[in-house]
Every structure is written in structure tokens, then in C-alpha cells.
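Breakdown of the fold
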Amino acid sequence: MASPLDDAAARAARYLAGIRDRRVGPVDIGGLPESAFPDEPATPEEILAVLDGAGSPATVATAGGRYFGFVTGGALPAAVAASWLVSAWNQNAALEIMSPAAIHFEDQAIRWVVEALGLPADSTGAIVTGATGANFTAVCAARTALLRRAGWDPDEDGLFGAPPIRVVAGEEIHVSMVKALGLAGFGRQRLHRVPVDGQGRMRADALPPLDGRTLVCIQAGNVNTGAFDPAAGICARARQAGAWVHVDGAFGIWAAASPKYRHLTAGLKDADSWATDAHKWPNTGYDGGIAIVRDRSALRHAMTVNAAYLPEGPKREPSQHGPEMSRRARGVELWAALRSLGRRGLADLIDRTCAHARAFAQGLDGQAGLEVLNEVVLNQVLVSAGSAERTNRLTRSVQADGTCWCGGTVWQGRTAMRISVSSWLTDEQDVARSVAAIRRLASDLD
Ligand SMILES: *Cc1c(COP(=O)(O)O)cnc(C)c1O
């Protein structure tokens, strides 16, 4: 009798082998099983047969090359394979003593991220579930550092009665950054919103006065346009004032790994903390994010957990640097993804996906009544079909057609269909097929 792992591997391989020929949207979710909690046990083989038989066709084909919704990476083969092994290991990566191997690979992954992005070498970090978790982790460290400098320990004494911290962010701050600030006690409504320019970049000239009780949240990669806030000027002013700068670089910060796009990230290394995703541009599977913090003691203080049975070794203990205690060793997958790419492969992945985004813009702008709304500086393209109603109809017909999948958005008052090229698997043919389908569907709108 073969092991269920062999069965799972065979089914997964078949699934991935067929993914490029499939329609991208879900095929049929009518066949998904539903019942009361069964009395009797089932075998792994029976369970896999149901998951694969009913579940696989109902998935969204994000693992293929023509899913351009949200900012969704594919998953590199090395990452998927490493993830399987990590599942078999089933390590609890909370403490070094619980899994020296997992912590070793995760530490390497953090080091490589710091190197690839050109961040300060003595920074520390945490591997979390995504950029939302990373933003939250980093602003907790910011809160600790800023308030302790003001003579208040928020981790011991809470925020009630603490000196106020002002949070400054651009008008087009990502909603997940707002959520992270809310979770950290800064309040979603207390943000000072700085006006942005025609690409959604924070206007440095509109920055309010900064001081040692200011947290400035900038972004590297606007989720709609891909644009970067002007980090160099903002970080210089913040440094002088003693303010803390946090960078939401969920996908865009990876431009720093490409010699061709690195200029977009100028000045980012002078910030105090950075958040990014593993599952977007580095193409690990879901889920993974990384928080990097310059002030090691601030993160350590904010994330402290003490108990006699939690011994602390000389290494970075994950549970003392992130919000979780028990946790999957998800950083091993990031290690595998980065190792499989190397510096050259990572730069190539960034360059390739950005080139595909430009090809989308060239293939669509001015064709069949379509207009590209943004300067395509990175991997994001905003397409309008004229009115909001017409554009929404285009987005719906693209999704129904199934050749590719794109989501909708509203940006600076304009309704758009958003194309994000973030998968390692997307090639010229995928782009050509998708451009042709979008043009055909746009022509058929009236
Ligand atoms: C995707 C994204 C986030 C949130 O990331 P998750 O991985 O979904 O938590 C935050 N900021 C930006 C700019 C993003 O694109």
C-alpha cells in the first residue's frame, strides 16, 4: 500500500501539470461535499480523493501563469516541495531548542532578505504570515521605541495615559497598514493623511513637522500603481527629528533586488522598519511575510514572552521577536525559494514580471477603447474602458471568460481593472493570450 504522501504527490503533480490549460477562474464549485460531522473515520486515501476530485477543479488557478488578480505570486517548485517537507517535519518553530534546524534556515532566510533588499546588516526580524502581520509586528516595535524614549513603557503599562504618538501616512496608504495601526493601538482614524501626487506617491513637500513622537508610514509599491513614496527625503527629515519611519513594502520593496529597478527604492534603507511579503514577489506559497527592524531591542522588548519553561538561547528566538508562540517553520519555504533563485534569479524574476506589465500596457493602451491610467513603473497596470460602468463590465467579462483573471479597483476617482504580474510562471505567451482576450472582450462590450 503506497503512503498517502505518494498519493498526495501524484495528485498535486497532476494538478500542476494541467493548470496552464485550465480556465483561470473556478470551474465548478457545485460538487463540493457538505454534510454534518460524520460519525465514522475515513482513510487518508478517501479524504485525498474527495479533496482532489471535488476541490481541485474548484480552485482558482493562481498556480498557473495567467492569474493577475490582487498581487498574487505563483509558488516556485522549490518552495512547494520545501513546504511539503516542512509539513512532514512538523516542527514548532517557536524556540531554537524546539527546532534548531528550522530556526537556522529561517535565520538564513531573514539574512538573505536583508542582503537582497540592501537593508542594514545588523537588523533583526520575524517571519510572519504576510505583510499585514509584518506591518503589525514592525509598528509594535515602533510604538515601544518611541514611547520608551518619551519615558513610557507601553508593553508594561499599556497605551492608556501614554504620551500621544502622531502617525503620518500618505492618502493612499494600504488598508492593511491601517488595520495594523489599529491593532497596535494607534487608531485607524488618528492618522495624519498626507496628500499624494498623480501616481499616488506621498508628497514630501506636504509632510507635517516631524518630531520624536512621530511614526511615519511610507510605502514601497502602491497597490494600484506600483509607485514609491519618496523615501530619501522623508527618511532624512525623520532621522533629524528623531521620528520612526516604517516602510510597507509588501511587494514593491523587492525592486531593490534588481539592478534595473533598484533606483525606485532609493533611501528606503534609511528607514527604521520594513514589512514585506514572501508570497507575493518572491513566489513562496501561502503564507509568509517578513518584518525587519533596525532597533533590535525595540522588537525584542515589544514581543517579550516570559515563562520558566521558555529557555532563551543565544540565537534569535522567534517567539521573542514576533506575535506568535507556536508557529509553522514557514521561513524554511522562503529559504528554499530564495536559494532556488539566487541573486540572479531573483533579479530576473523582478525584471521579467515588470517587462510583462509593460507589455500589457503597450498591448492595451489605446486599443478597443481601453486606456492605461498609471505610469507602469513596476508590475501593476490600471486599465479603464471609459466609464465606471463600462470598466466594471469589462472586468466581469474577463473574469467570466477564464483566459486570465484580473480584479477591479477604484483609484483617484477612476474605476479600473487592475493587472498585477507577480508569478514566476507567467511568460510572453500568457501575456499575449491575455492581451488578445481582453481586447476581444473590450470590443464586444457594446
Ligand atoms: C498585499 C499588501 C499588503 C497586505 O499583505 P498580506 O500579505 O495580504 O497581509 C499590505 N500592503 C501592500 C502595499 C500590499 O500590496
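Owing to the predicted nature of the structure, the values given are computational and were not obtained by experimental measurement. Along each chain, numbering runs from 1 in the same order as the chain's sequence is written. This being a predicted model, a pLDDT of at least 70 is required before a residue's local features are given, and a value of 80 or more before pairs of side-chain atoms are given or counted; all residues contribute to the totals for chains, interfaces and linings. Side-chain figures throughout are based on the complete set of non-hydrogen atoms in the structure, without hydrogens or water.

The pairing criterion is simple: DSSP has to find at least two bridges between the two strands. Segments assigned H or I by DSSP are reported as helices when at least four residues long, segments assigned E as strands when at least two residues long, and all are numbered from the N terminus. Strand order across the open sheet formed by seven strands is 1-7-6-5-4-2-3, with mixed pairing between neighbours. A strand with exactly one partner marks an edge of an open sheet, and here the two such strands are strand 1 (124-128) and strand 3 (191-194). Between one strand and the next, the sheet's axes are offset by a mean angle of 20°, whatever the strand orientation. Examined bridge by bridge, strand 5 (residues 244-248) and strand 6 (residues 273-277) share three bridges and lie parallel to one another. Each axis is a line fitted through C-alpha atoms, and for a helix only the stretch in contact is used; angles between axes span 0 to 180 degrees, taken between their N-to-C directions.

All right, on to the site of the ligand then. In the neighbourhood of the ligand, 13 residues make up the surrounding shell, with Thr132, Asp248, Asp277, His279 and Lys280 lying closest. Each polar contact in these results corresponds to two N or O atoms within 3.5 Å; when the atoms are within protein, one needs to be able to donate a hydrogen and the other to accept it, and residues that are neighboring in sequence are counted only if both atoms are side-chain atoms. Separating an oxygen atom of the ligand from a backbone N or O atom of Ala131 is a distance of 3.1 Å. Within the complex, 84% of the 380 Å² of free accessible area of the ligand lies under protein. If you map the ligand onto the pockets, it falls in the second largest pocket. Of the residues contributing to the shell around the ligand, the split by class is four nonpolar, six polar and three charged. Here a residue is near a molecule or strand as soon as one of its heavy atoms is found within 4 Å of it. To be clear on the numbers: accessible area is Shrake-Rupley with a 1.4 Å probe, and residue cover counts the displayed protein chains and nothing else. Here the term cavity refers to a set of points on a 1 Å grid, laid over the protein atoms alone, in which a 1.4 Å probe fits but cannot get out; the term pocket refers to an open set having protein on both sides within 12 Å along at least five of seven lines, with lining residues being those that place an atom within 4 Å of a point. In this description, a molecule resides in a pocket or cavity if more than half of its atoms sit within 2 Å of the grid points defining it. Classification used: nonpolar for Ala, Val, Leu, Ile, Met, Phe, Trp, Tyr, Cys and Pro, charged for Asp, Glu, Lys and Arg, polar for all others including Gly.

Right, let's get into helix 5 (residues 131-149). Expected span of a helix, by definition, is 1.5 Å for each gap between consecutive residues, and there is one gap fewer than residues. Compared with the 27 Å implied by 1.5 Å per residue over 19 residues, the 27 Å span of helix 5 between its first and last C-alpha is a close match. Three labels apply to residues, based on accessible area from a 1.4 Å probe with only protein chains included: buried if under 20% of the type maximum, exposed if over 50%, partly exposed otherwise in between. Burial of helix 5 is extensive: 15 of the 19 residues sit out of reach of the surface. Positive phi shows up at Gly151, right after helix 5, with a value of about 85°.

The next thing to look at is unusual backbone geometry. In this chain, Tyr286 is followed by Asp287 through a cis amide linkage whose omega measures 0°. Here Asp287 lies in the loop between strand 6 and strand 7 (289-293).

Before going further, it helps to examine the sheet that holds strand 10 (residues 407-411). An order of 8-9-11-10 is seen for the four strands of this open sheet, with the pairing classed as antiparallel. Two strands lie at the open edges of the sheet, namely strand 8 (371-372) and strand 10, each paired on one side alone. Across five bridges, strand 10 lies against strand 11 (residues 414-420) in antiparallel orientation. Residue pairing in the sheet places Val410 in a bridge with Thr415 of strand 11. Sheet strands touched by helix 10 (residues 331-364): strand 8, strand 9 (380-384) and strand 11. Its angle to strand 9, the strand with the most contacts, is close to 15°. What makes two residues a contact is simply this: any of their non-hydrogen atoms within 4.5 Å.

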